[in-house]
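# Observations on chain architecture
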Amino acid sequence: MATASEIEAAANPLDAFRTETREWLAANFPPSLKGKDNAMSAVEGPHENSPEEDAWQKAMGEKGWGVPTWPSEYGGGGLSRSEARLLQEEMARIGAWNPIGGMGVMMFGPTLLEYGSEAQKHEHIPAIAQGTVRWCQGYSEPGAGSDLASLQAFAEDRGDHYVVNGQKTWTSGGQWADKCFMLVRTDKSKKHEGITFLLCDMDSPGVEVKPIRLISGSSPFCETFFTDVKVPKANRVGEEGQGWTIGKRLLQHERNSLSGGGSTAGRMFAGASLGQIAKKYVGTDEQGRIADADLRARIVRHEMDLRAFMLTLRRAAMEAKSNQGPSAATSIMKNVGARIMQERSELLIEIRGLAGLGWEGEGFSDEELRDVRTWLFGKAVSIYGGSTEIQNNVIAKRILGMLDHQ
């Protein structure tokens, strides 16, 4: 005969899952990590984990909860969307964060689940789900940025392998990556149909990486050179010539993450609000409001835009539950998200005045210095992952149905 708790669990499966989740988090999440950011999702540099971070990553990886909705047979959590949202809620409640991230989670993993062979899924997805392998993206080239389909890196067929020669640029985190997913040309007579999707080990002979220093002082992007690099045909995803179709799908996943569909949006709410910061640096009037009325109004407008954007992201995520994944609407989200992030950085610099222009030195707090570099780094947000102009083209053609007229 079933017990009362078993009957209750059967009647309320999500309640039972919430209880299980709370107990597991209490047993596995180190309280000392409360509120820390997800270092593994960043491309600013390698992160030296503390023992607590290693233990937390290992626990989440083994549970599959770093990628909660991915199939359990490949190392994912196998959770439903409702269970994944509940997990997110319970983690937020105790200040826990997801230690599994990076381009493998944001872009490559979801794409491989759609287009990869069973052998490729079993080879690559578990390591992504556990956060043990770091991936980078080999797309843009010096002569193929916005017009990505003009890429010239060439893979010559040598029977059981390809030999790749060419150059990629803006390879985020390339100097720290273990592997690279890349688009290469296998047929010079065709533009889009001549592109193939390959996977390359970054320690292969002939791969050379040179970091590009940015105005923010960091070097997350690289030039990557391929000279007679051998890539086994087993590392080809999909058929030869199918790379453009697969590559476009991956870009939708990327734009979804860059727009805030990943962890980016959550970090926009992290820490003190703009209003709190403004009161500290600008002061308040007799009613306790931000002293500068114009600044006060602009902050309110920004916060309204941000909250509306977050709600739109949530609605878009709910509409994508049909298992079709991200759509062309991610181009809208990417453009709006870029504008909001850049606007927020501009407001922070303005609010802080001279304290918002520091580069280094004891006269500035860590937050002040961090926000200056974030402001500078953020100039690229409307360019990488597909520039604003390219997204506008996608919106016009694929959403609004506008066609070119001769």
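Presented here is an overview of the structure given in this document.

About the thresholds
- Residues numbered from 1 in each chain as written.
- Predicted model: local features only at pLDDT ≥ 70, side-chain atom pairs only at ≥ 80, totals over all residues.
- Heavy atoms only, no water.
- Axes fitted to C-alpha atoms, helices over the stretch in contact; angles between N-to-C directions.
- Helix = DSSP H or I, 4+ residues; strand = E, 2+ residues; numbered from the N terminus.
- Parallel < 35°, antiparallel > 145°, perpendicular 65-115°, else oblique.
- Left-handed = near helix turned anticlockwise from the far one by under 90°.
- Contact = heavy atoms within 4.5 Å.
- Nonpolar A, V, L, I, M, F, W, Y, C, P; charged D, E, K, R; others polar.
- Core = buried A, V, L, I, M, F, W, Y, C linked by side-chain atoms within 4.5 Å.
- Buried < 20%, exposed > 50% of the residue type's maximum accessible area, 1.4 Å probe, protein only.
- Salt bridge = Lys/Arg side-chain N within 4 Å of Asp/Glu carboxyl O.
- Phe/Tyr/Trp six-rings, centres within 6.5 Å; stacked < 30°, edge-to-face > 60°.
- Lys NZ or Arg CZ within 6 Å of the ring centre and 35° of its normal.

Our next topic: the packing of helix α5 (residues 103-115) against helix α6 (residues 118-130). Two numbers describe how α5 lies on α6: the axes approach to 10 Å, and their chain directions differ by 155°. If you check the angle between α5 and α6, you find them roughly antiparallel. Note on packing geometry: the crossing formed by α5 with α6 is left-handed. Judged by residue contacts, Gly104, Val105, Phe108, Gly109, Leu112 and Leu113 of α5 engage Gln120, Lys121, His124, Ile125 and Ile128 from α6. Taken together, the residues of the contact of α5 with α6 sort by class into 6 nonpolar, 4 polar and 1 charged.

Formed by 29 residues in total, the largest nonpolar core has its most connected members in Phe108, Tyr139, Phe181 and Phe197. Taken together, the elements giving at least two residues each to this core come down to α5, α6, β4 (179-185), β5 (195-201) and α7 (243-261).

Turning our attention to the pattern of salt bridges. Under the counting rule described, the total for this entry stands at 25 salt bridges. One salt bridge in this structure joins Glu90 and Arg93, with 3.0 Å as the shortest N-O distance. Of this pair, Glu90 and Arg93 both sit in helix α4 (residues 81-93), 3 residues apart, roughly one helical turn. What makes Arg93 partly exposed here is its relative accessible area of 48%.

Okay, the environment of Gly194 next. As for its placement among the helices and strands, Gly194 is situated in the loop between β4 and β5. Along the backbone, Gly194 and Gly243 are 49 residues apart, and their C-alpha atoms lie at a distance of 8.0 Å. For Gly194, the residues in contact, after removing those within four places along its chain, are Val184, Arg185, Thr186 and Asp187.

Counted by the stated rule, this structure contains 12 aromatic pairs. When the ring of Trp24 is compared with that of Trp65, the centres are 5.0 Å apart and the planes differ by 65°; the resulting orientation is edge-to-face. Of the two residues, Trp24 sits in helix α2 (residues 13-28) while Trp65 sits in the loop between α3 (51-63) and α4, which places them 41 residues apart along the sequence. Judged by its relative accessible area of 3%, Trp65 falls in the buried class. The interplanar angle of 35° and the centroid separation of 4.3 Å between the aromatic rings of Phe108 and Trp135 together place this pair among those described as tilted. With a gap of 27 residues between them, Phe108 in helix α5 and Trp135 in strand β1 (residues 135-138) connect regions that are remote in the sequence. Trp135 carries the same exposure label as Phe108, and that label is buried. Within the aromatic cluster, the residues linked to one another by ring pairs are Phe17, Trp24, Phe29, Trp56 and Trp65. Across the ring face of Tyr162, the terminal group of Lys233 is positioned such that the distance to the ring centre comes to 5.4 Å. Note that Arg373 overlies the ring of Trp359, its terminal NZ or CZ placed 3.8 Å from the centroid.

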